[in-house]
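A closer look at the structure
Listed here are the chains, written in short residue letters.
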Amino acid sequence: MMALPGGRHLDSIPLPGQRLHLMQVDSVQRWMEDLKLMTECECMCVLQAKPISLEEDAQGDLILAGGPSPGDPLQLLLKRGWVISTELRRIGQKLAQDRWARVHSMSVRLTCHARSMVSEYSAISKSSSQEMGQVEKLLMEKCSELSAVTERCLQAENEHVLKSMKACVSETLSTLGQHFGQLLELALTREVQALVRKIDSSDNVYTTESTTGNLFSLTQEGAPLCRIIAKEGGVVALFKVCRQDNFRCLYPQALRTLASICCVEEGVHQLEKVDGVLCLADILTDDSHSEATRAEAAAVVAQVTSPHLPFTQHLSSFLESMEEIVTALVKLCQEASSGEVFLLASAALANITFFDTMACEMLLQLNAIRVLLEACSDKQRVDTPYTRDQIVTILANMSVLEQCASDIVQENGVQLIMGMLSEKPRSGTPAEVAACERVQQKAAVTLARLSRDPDVAREAVRLNCMSRLIELCRSPSERNSSDAVLVACLTLGKKETKISALLWLLFWNIQGCPAS
């Protein structure tokens, strides 16, 4: 996601929403807009920094349309943080181009934005820590230093002098960025602490709902803020909410926030410390909870068992509750009233099959194959390649079991899996194309694994599996231009035929020659 402090990549602060706008206006208009955010003592600096005429690359200057809501420190920090990080990035770009006039004017404007952020936040927060005060001082000193050194660069004519000064400007810019990142992290940490304390101490549903909503909004700003929330007790506070019956109506919101926080290692560690897995198991197995609540609990399970996150593999407490969770998830898949609920439950099951091999045996005993294959014919539950990706992932991981083959043949699963070899995107978006590639690849892998069973192999031959494989190998468009699908299809072809001549035919067809 993003890398804020820690890594101090200041250009990683995302656009906080529709309140930030890009405006293309003349210099006077920009100055008048900036006056909404600047204190009076800064007007002369702004005037000096704005050119009278527009440069070709100055037309895209970013300004903040309207100030943050009064008394909203989080929005202030996010908005100002975005503006300042953008200015830092653009100064670096102009510095690389030796555009000294632009570097200087943008450095002055950066100083104005930094001073405004410090003064406005101080006014809202009323007090600040000693550490924040020290960092604020260091930040403003570096801003002044940057403005001064870039002004000297404007007057320098000797190329060797400019070259040495450029290195100095670059170093100053880097240090300034570090101070800004540190200040922003301290301020955001302080605001997160306030939100967590409010959730932890509140017994009012409306207050808790509002505060949890604010916390969820922060998680959408990226991994750095999720780390801060986890470190400051956000996971503990949210699970406290999920353990109180008077907050039942807030369970979905709290669980959705937890799923977002657990994208980072700190969040998963905190979840394990507070027996979060046990709490999730209790919610999933309790039919008195709404479907929405159980679906959000499934989303948290999917997040903390994700095979793409290395730190989730050490979640030892999950094994103790795995059977209960798997049983509840299969039931949720069977009873799901919408595609979204089925997707969350099946994604959790798919991840669990990677998490521990015992899960596949549990799924076999629970007749999960029948549940999943029946769902494939229900457009209300399975209507996207993303959902089919989860189903075929489960089948692929279960196909290593001997008994799996007979269950799939009995449920007419070979035909359904073969249908997945023809998965095509509807919208053509990169995400959907990638999902279709995964479905095709995993379908081929599943059939290849199952083909050790003679019944599956005969059924595949009866359904003209080889014709489809040749088509996939010959035509890149049929396999969504994926080499991974090609390799999987060749592997399946080898298992299906066991005849070297047909393998040569496949190879010949790949070269673009017409099929005989």
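From a predicted model like this one, the values you see are computed outputs, not experimental measurements. (Residues numbered from 1 in each chain as written. Predicted model: local features only at pLDDT ≥ 70, side-chain atom pairs only at ≥ 80, totals over all residues. Heavy atoms only, no water.)

1. Thoughts on the overall build of the protein
Put simply, the test is: The secondary structure listing takes helices from DSSP runs of H or I that are at least 4 residues long and strands from runs of E that are at least 2 residues long, numbered from the N terminus. Each residue gets one of three labels from its accessible area relative to the maximum for its type: buried under 20%, exposed over 50%, partly exposed in between, using a 1.4 Å probe on protein chains only. Residues count as neighbours in contact if any of their non-hydrogen atoms are within 4.5 Å of one another. For accessible areas, the Shrake-Rupley method is used with a probe of radius 1.4 Å. Any residue's cover is judged against the shown protein chains and nothing else.
On a plain count of helices and strands, the protein comes out with 25 helices and zero strands. Within the protein, buried positions represent 52% of all 516 residues. In the protein, once contacts between residues fewer than 6 apart in sequence are set aside, the share between residues at least 24 apart is 74%. Accessible area for the protein stands at about 23,400 Å²; split by element, carbon and sulfur atoms hold 52% of it.

2. A short note on helix α21 (residues 430-450)
Put simply, the rule is: Expected helix span is taken as 1.5 Å per residue step, with the number of steps being one fewer than the number of residues.
Here α21 spans 30 Å end to end across 21 residues, near enough to the 30 Å set by a 1.5 Å rise per residue. Of the positions making up α21, those classed as buried are Glu432, Ala435, Cys436, Val439, Gln440, Ala443, Ala444, Thr446, Leu447, Ala448 and Leu450.

3. Some details on the side chain of Ser105
Spelled out, the test is: What qualifies as a polar contact is a pair of N or O atoms within 3.5 Å, subject to a donor-acceptor requirement within protein and to the restriction that residues adjacent in sequence count only when both atoms come from side chains.
Along the chain, Ser105 falls in helix α4 (residues 100-125). A relative accessible area of 8% means that Ser105 is categorised as buried. Separated by 3.1 Å, the side chain of Ser105 and the backbone oxygen of Arg102 make a polar contact.

4. A closer look at the pattern of salt bridges
Rule in force here: By definition, a salt bridge exists where a carboxyl oxygen of Asp or Glu is found within 4 Å of a side-chain nitrogen of Lys or Arg.
This model, assessed by the stated rule, comprises 19 salt bridges. A salt bridge links Asp245 to Arg248, with the shortest nitrogen-to-oxygen separation between them at 3.7 Å. On the basis of relative accessible area, Arg248 is assigned to the partly exposed category, the value being 30%. A salt bridge links Asp455 to Arg458; its shortest N-O distance comes to 2.6 Å. Of this pair, Asp455 and Arg458 both sit in helix α22 (residues 454-462), three residues apart, which is roughly one turn of that helix. Salt bridges here are not isolated pairs; linked through shared partners, they connect Asp245, Arg248 and Asp286.

5. Quick word on helix α8 (residues 223-231)
Burial within α8 is extensive, with seven of its nine residues counted as buried. Turning to α8, its buried residues number three or more, namely Ala223, Pro224, Leu225, Cys226, Ile228, Ile229 and Ala230. Residues of α8 that are buried sit in contact with α3 (73-96), α6 (159-201), α7 (205-219), α9 (234-241), α10 (251-261) and α11 (265-273). Gly233 lies just past α8 and shows a positive phi near 90°.

6. Observations concerning the packing of aromatic side chains
What counts, and what does not: Two aromatic rings from Phe, Tyr or Trp, using only the six-membered ring of Trp, form a pair when their centres are within 6.5 Å; if the ring planes differ by under 30 degrees the pair is stacked, by over 60 it is edge-to-face, and anything between is tilted.
What the rule picks out here adds up to one aromatic pair. Relative to Phe355, the ring of Phe318 has its centre 5.1 Å away and its plane inclined at 75°; by these criteria the two rings are edge-to-face. Separated by 37 residues along the polypeptide, Phe318 in helix α14 (residues 317-335) and Phe355 in helix α15 (residues 339-355) bring together distant segments of the chain.

7. Describing the environment of Ser201
If you trace the backbone, Ser201 turns up in helix α6. Note on Ser201: relative accessible area 59%, which makes it exposed. For the pair Ser201 and Ala237, spaced 36 residues apart in the sequence, the C-alpha separation amounts to 9.0 Å.

8. Here we look at the environment of Ala350
Of note, Ala350 is situated in helix α15. Sequence separation between Ala350 and Asp389 is 39 residues; the distance between their C-alpha atoms is 9.1 Å. Setting aside residues up to four positions removed in sequence, Ala350 forms contacts with Gln390, Thr393, Ile394 and Asn397.

9. Re the packing of α7 against α10
For any two helices packed against each other, the geometry comes down to the angle between their axes and how far apart the axes lie. Which entries qualify depends on this criterion: Note on geometry: axes are lines fitted to C-alpha atoms, helical ones only across the stretch in contact, with angles between N-to-C directions running from 0 to 180 degrees. Should an angle fall under 35 degrees it is called roughly parallel, over 145 degrees roughly antiparallel, and 65 to 115 degrees roughly perpendicular, with every other angle called oblique. Throughout, a crossing is termed right-handed when the near helix is turned clockwise from the far one, and left-handed when it is turned anticlockwise from it by less than a right angle. Gly is placed with the polar residues, together with every amino acid not listed as nonpolar (Ala, Val, Leu, Ile, Met, Phe, Trp, Tyr, Cys and Pro) or charged (Asp, Glu, Lys and Arg).
The interhelical angle for the contact between α7 and α10, taken along N-to-C directions, is 25°, at an axis separation of 9 Å. It follows that α7 is roughly parallel to α10 by the angle criterion. Here the hand of the crossing between α7 and α10 comes out left-handed. Residues Glu209, Thr212, Gly213, Leu215, Phe216 and Thr219 of α7 lie in contact with α10, whose contacting residues are Gln253, Ala254, Arg256, Thr257, Ser260 and Ile261. When grouped by side-chain class, the residues that make up the contact of α7 with α10 number four nonpolar, six polar and two charged.

10. What about the confidence of the model for the protein?
Our working rule: Values of pLDDT, the confidence the predictor places in each residue, fall between 0 and 100.
For the protein, per-residue confidence averages 81 on the pLDDT scale, and 81% of positions sit at 70 or higher. Predicted confidence for residues 1-25 stays below pLDDT 50, and this span has 67 contacts to residues more than four positions away or in other chains. Within the model, the stretch residues 63-67 combines pLDDT values under 50 with 16 contacts to residues more than four positions away or in other chains.

11. Some details on the packing of α6 against α8
Closest axis-to-axis distance for the α6/α8 pair is 10 Å, and the angle between their directions is 50°. Classified by the angle their axes make, α6 and α8 are oblique. Between α6 and α8 lies a crossing whose hand is right-handed. Contacts from Glu185, Leu188, Thr189 and Val192 in α6 reach Leu225, Ile228 and Ile229 in α8. The residue inventory of the contact of α6 with α8, partitioned by class, reads five nonpolar, one polar and one charged.

12. Structural notes on unusual backbone geometry
Non-glycine residue Asp275 carries a positive phi angle of around 55°. Mapping Asp275 onto the fold places it in the loop between α11 and α12 (276-285). One non-glycine residue with positive phi stands out, namely Asn412, at about 60°.

13. Focus: the side chain of Asn397
Assignment of secondary structure puts Asn397 in helix α18 (residues 385-398). Residue Asn397 is classed as buried on the basis of its relative accessible area, which comes to 15%.

14. Remarks on the nonpolar core
One broad trend across soluble globular proteins is that nonpolar side chains are buried collectively. In plain terms, the rule: Take the buried Ala, Val, Leu, Ile, Met, Phe, Trp, Tyr and Cys residues and link them wherever side-chain atoms come within 4.5 Å; each set so joined is a nonpolar core.
Grouped together as the largest cluster of nonpolar side chains are 141 residues, with contacts concentrated most on Leu255, Leu271, Val301, Phe318, Ile325, Leu329 and Ile352. Ranked by residues supplied to this core, first place goes to α6 with 14 residues. In contact with Val301, not counting residues within four places along its chain, are Leu280, Leu284, Phe318, Ile325, Leu329, Ala348 and Ile352.

15. Quick notes on the environment of Gly419
Along the chain, Gly419 falls in helix α20 (residues 413-420). What makes Gly419 partly exposed here is its relative accessible area of 43%.

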